[in-house]
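# Secondary and tertiary structure notes
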Amino acid sequence: MRRATLWLLLALLLAAAGSLAAGKVWVPLDAWSSADPRSIIIVELRLPRTILALVVGAALGVAGAAMQGYLRNPLADPGLFGVSSGAALGAVCALFFGYAAQAWLLPLFALAGAAATMALLALIAGRSASLVVFTLAGMVLTSLTGALTALAISLAPTPFVASAIVTWLMGALTDRSWNDVWLALPLVAFGVAVLARTAPALDALTLGETAARSLGVEPRRLQRAIVLGVALTVGATVATAGVIGFVGLMVPHLVRPLARHRPGATLWPSALAGALLVTVADILVRLVPSASELRLGIAMSLLGAPFFLYLLLRLRRRLA
Amino acid sequence: MSALETDRLTLSLGGRRVLEEVTLTLAPGRVTALLGPNGAGKSSLLACLAALRRPDAGAAALDGKDVATLPARERARRIGFLPQQADVHWDVDVRALVALGRLPWRGRGAADAADRAAVERALEATAMTALAERPVEQLSGGERARALLARVLAGEPEWLLADEPLASLDPAHQLDVGARLRAVATAGAGVVLVVHDLNLAARLADSVVLLRTGRVVAAGDTAAVLTPEAIAATYGVAVEVGVTARGERYIVPVGRV
């Protein structure tokens, strides 16, 4: 476990360095000195973008691991279960009503949207729902928030608003500034801290809700912590980078063997692996030869959907 | 040691009375079996004793303190609960599963030497030490039941409440787990079991509580309470009671009353 964590950290450092260098303009790392004109690319574009990729990836990884542990559902993911689309709907409402002029209103709406969908999911889960019922509920929430978002687009007061919404919905880390970093970082840090504190309770839930309660887990408190933590991490991510799905689904699966399948011990490795995955993916979308840059959210879905199918095939017997 | 009592405990679920003014005193150091037909309220009574259900009236109390108002962590340390469902949602290994029983003791901290020692004792007591590294999904039904029992034992609670811990086991494992529960009681803890099998109760329990439609029909020492008359009043069946060559009682239902 320790050694695997060290390897993850090392890979993360390499990926971050690569993310500073890679792009339309290759900037060698020795161009850092202020005399080199290319240093501005690093400091004002690549550095905030890289930090944001790390923050967004860690946030989505932890949120996915916490949701899977809490819902005892290996298919749970903030993207698939509607939390990201809830956050997006909140943000879209802010754009639609023109509130986005105030920098803090869009993230606030995104957080509220994420919190509302996560609370709905938790309410359904509170009554010991089965894997199937729960996955279906998540899918329904996704399509409902998706439909409302589409409604907002079709009713958009001006074409500019519609196009702003559409561009924004496709998650990306292109042209992000330090402002985005300063917005996302504290919210995500707080959210990750809240989720990390639920680790023992998530472990206890391995035995089901009744046994977890007999071990001293207080379901209401745990639910509040999960809703708050997921809302902060996912809301902040969606507010700064748009919808990036499947990270929260894939990452916990990949690191679970390292944590010997304990849901609480999966949280921190998921943060590291999530940061690694998003950073590497964000390097790759920059390197794909195309007229305009491939959107990160789209790339992640292209990668994640087959992974989801593979998981479904593996779970087929349990679900039947 | 502490006494676990109920005082006019009354519980309704979905508009139906499942427990009606149940007043009991359970003594530590003994194995007590809760007996009764399906729907008599055995599991509900156990859940109230473990503060997993809140009664509508009356209370369950540990050392005179209402279990529902005990701090969750203190309650979890003193009362261990083994649910009937053998749920294990992730494919953890046996030792990690058993270590969950130490959560009330270690909270958010890492497991210390005392926690690890308690886990090893619990593995030893359930003959699971050799299987400690095995993933739960590779265990047989009996091994899984023993691992889950070890989980409760690892918490070393004053009271061990178990909902049908013997139901899914073959006779050999029933004897093993039964002997283990007996050892827990001998060591001083109170053991309360929901049991369906009259013979198991007769052999294992020091005292029994007979329940029917949420009311206590009879409670007391096993030999005194498990009479053909009381069984007829509880289950509506006629039984014959015999004694084996080794002096153990057996009960055979012969027909409806």
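Residues numbered from 1 in each chain as written. Chains lettered and ligands numbered in written order. Predicted model: local features only at pLDDT ≥ 70, side-chain atom pairs only at ≥ 80, totals over all residues. Heavy atoms only, no water.

Attention now goes to the confidence of the model for chain B. Counting all residues, the mean pLDDT for chain B is 93, and 100% of those residues have values of 70 or more. Both confidence scores are given for the complex: pTM 0.90, ipTM 0.92. (pLDDT = per-residue confidence, 0-100.)

Turning our attention to the side chain of lysine 42 of chain B. Residue and element names in this part refer to chain B. As for its placement among the helices and strands, lysine 42 is situated in helix 1 (residues 42–49). For the buried residue lysine 42, which engages in no salt bridge, the nearest side chain bearing the opposite charge is glutamate 164, 5.7 Å off. Looking at lysine 42, its side chain comes within polar contact range of the main-chain oxygen of glycine 36, at 2.9 Å. Those residues in contact with lysine 42 that sit more than four places away from it in its chain are Leu34, Leu35, Gly36, Pro37, Val194, Val195, His196 and Leu211. (Helix = DSSP H or I, 4+ residues; strand = E, 2+ residues; numbered from the N terminus. Buried < 20%, exposed > 50% of the residue type's maximum accessible area, 1.4 Å probe, protein only. Lys, Arg positive; Asp, Glu negative; His and termini not counted. Salt bridge = Lys/Arg side-chain N within 4 Å of Asp/Glu carboxyl O. Polar contact = N/O pair within 3.5 Å; in protein donor to acceptor, adjacent residues only side chain to side chain. Contact = heavy atoms within 4.5 Å.)

Let us look at helix 2 (residues 39–71) of chain A. Residue and element names in this part refer to chain A. Taking 1.5 Å per residue as the helical rise, helix 2 with its 33 residues ought to reach 48 Å, and the 46 Å between its terminal C-alpha atoms agrees with that figure. Taken as a whole, helix 2 carries its principal kink of about 40 degrees at arginine 46; the proline proline 48 stands between one and four residues after it. Taking burial as the measure, the 33 residues of helix 2 include 25 buried ones, the bulk of the element. Phi turns positive one or two residues past the end of helix 2, at arginine 72, with a value near 50 degrees. (Expected span 1.5 Å × (residues − 1). Bend = angle between axes of the 7 residues up to and from the residue.)

Within the largest apolar cluster, 148 residues are counted, with the highest numbers of intra-cluster contacts made by Met67, Tyr70, Ile226 and Met300 of chain A together with Leu35, Leu97 and Leu226 of chain B. In terms of residue count, the dominant contributor to this core is helix 2 of chain A (14 residues). When near neighbours in sequence (up to four residues on either side) are disregarded, methionine 300 of chain A contacts Ile244, Gly245, Phe246, Val247, Met250, Leu277, Val278 and Ala281 of chain A. Counting 30 residues, the second largest nonpolar core, distinct from the first, contains Leu9, Leu161, Val192 and Val209 of chain B. (Core = buried A, V, L, I, M, F, W, Y, C linked by side-chain atoms within 4.5 Å.)

Another point: the packing of helix 7 (residues 178–196) of chain A against helix 10 (residues 219–241) of chain A. The relative placement of two packed helices comes down to the angle between their axes together with the axis-to-axis distance. Residue and element names in this part refer to chain A. At a minimum axis separation of 8 Å, helix 7 and helix 10 run at an interaxial angle of 160 degrees. It follows from the interaxial angle that helix 7 and helix 10 lie roughly antiparallel. The chirality of how helix 7 crosses helix 10 is left-handed. Counted together, Asp180, Leu183, Ala184, Leu187, Val188, Phe190, Gly191, Val192, Val194 and Leu195 of helix 7 and Ala225, Ile226, Leu228, Gly229, Val230, Leu232, Thr233, Ala236 and Thr240 of helix 10 form the full contact between these two elements. Tallied by class, residues from the contact of helix 7 with helix 10 come to 14 nonpolar, 4 polar and 1 charged. (Axes fitted to C-alpha atoms, helices over the stretch in contact; angles between N-to-C directions. Parallel < 35°, antiparallel > 145°, perpendicular 65-115°, else oblique. Left-handed = near helix turned anticlockwise from the far one by under 90°. Nonpolar A, V, L, I, M, F, W, Y, C, P; charged D, E, K, R; others polar.)

Taken as a whole and assessed by the stated rule, the structure comprises 16 salt bridges over all chains. Here arginine 260 of chain A and aspartate 93 of chain B are joined by a salt bridge, their closest N and O atoms 3.1 Å apart. Within this pair, whereas arginine 260 of chain A is found in the loop between helix 11 (247–255) and helix 12 (267–287), its partner aspartate 93 of chain B is found in the loop between strand 6 (79–82) and helix 3 (94–99), the two belonging to separate chains. The salt bridge partner of aspartate 63 of chain B is arginine 78 of chain B, with a shortest N-O separation of 2.8 Å. In this pair, aspartate 63 of chain B sits in the loop between strand 4 (57–62) and strand 5 (65–66) while arginine 78 of chain B sits in helix 2 (residues 72–78), placing the two residues 15 residues apart along the sequence. One network of salt bridges, in which partners are shared, links Asp63, Glu74, Arg78 and Glu158 of chain B.

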